[in-house]
Amino acid sequence: MVTVSGLHNRAEFKTGSVALHWRGLDEATAAEIRGQVLVGWLPIAQTTPMELLEFDGGIEMRMPARDKGMRSASFWMKSAGGSVAYLGMT
């Protein structure tokens, strides 16, 4: 049995988020970790502005709308005094 307290080596701490990775583990261990993390994180996500994002091989708890694109846009808007335009394809 894997305990959540023993997962610090699988955690990735970022500004505004924390991710837990289980990529490379066998399916049973990955499912056990995911279940334990959801038991702890789901109540937090339901009672705060935090959101959960599952990805291939892990899960992340983060502030909403604070992905790399939003941080970059915020940086450029502050740096350029608000006069930035993005022209691109989606």
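Shown above is the structure to which this text applies.
Residues numbered from 1 in each chain as written. Predicted model: local features only at pLDDT ≥ 70, side-chain atom pairs only at ≥ 80, totals over all residues. Heavy atoms only, no water.

Caption draft 1: Layout of the overall build of the chain. A tally of helices and strands in the chain yields two helices and four strands. The N-to-C order of helical and strand elements in the chain reads β-β-α-β-β-α. Residues counted as buried form 22% of the 90 residues belonging to the chain. Taking the contacts inside the chain whose residues are at least 6 apart along the sequence as the reference set, 43% of them involve residues at least 24 apart. Split by element, the accessible area of the chain, about 6,500 Å² in all, is 61% carbon and sulfur. (Helix = DSSP H or I, 4+ residues; strand = E, 2+ residues; numbered from the N terminus. Buried < 20%, exposed > 50% of the residue type's maximum accessible area, 1.4 Å probe, protein only. Contact = heavy atoms within 4.5 Å. Areas by Shrake-Rupley, 256 points an atom, 1.4 Å probe, with all protein chains shown as cover.)

Caption draft 2: Structural detail: the nonpolar core. Core analysis: the biggest nonpolar cluster contains eleven residues, these being Leu7, Val18, Leu20, Trp22, Ala30, Ile33, Val37, Leu38, Trp41, Ile59 and Met61. Listing elements by their share of this core, those giving two or more residues are β2 (17-21), α1 (27-47) and β4 (58-62). At five residues, the largest contribution of residues to this core is made by α1. Non-local contacts of tryptophan 22, meaning those with residues more than four positions away in its chain, are made with Arg10, Ala30, Ile33, Arg34, Gly57, Gly58 and Ile59. (Core = buried A, V, L, I, M, F, W, Y, C linked by side-chain atoms within 4.5 Å.)

Caption draft 3: The pairing of strand β3 (residues 51-55), seen in detail. Note: β3 against β4, five bridges, orientation antiparallel. Considered in β4, the bridge of glutamate 51 is made with arginine 62. The turn joining β3 and β4, which pair antiparallel and follow one another in sequence, is formed by two residues; a positive phi near 95° is taken by glycine 57. (Pairing = 2+ DSSP bridges.)

Caption draft 4: Representation of α1. With 21 residues, α1 ought to run about 30 Å at 1.5 Å a step, and its terminal C-alpha atoms sit 30 Å apart, in line with that. Taking the largest bend as the criterion, α1 deviates by roughly 35°, centred on valine 39, and proline proline 43 comes between one and four positions later. Burial in α1 covers these residues: Thr29, Ala30, Ile33, Gln36, Val37, Leu38, Trp41 and Ala45. For α1, the side-chain oxygen to backbone nitrogen distance between the N-cap and alanine 28 is 3.2 Å, and the N-cap itself is aspartate 26. (Expected span 1.5 Å × (residues − 1). Bend = angle between axes of the 7 residues up to and from the residue. Polar contact = N/O pair within 3.5 Å; in protein donor to acceptor, adjacent residues only side chain to side chain.)

Caption draft 5: Structural detail: the environment of alanine 65. The residue alanine 65 is located in the loop between β4 and α2 (68-79) in this model. Its relative accessible area of 46% is what places alanine 65 among the partly exposed residues. On a C-alpha basis, the gap between alanine 65 and glutamate 51 in space is 9.5 Å, while along the polypeptide they are 14 residues apart.

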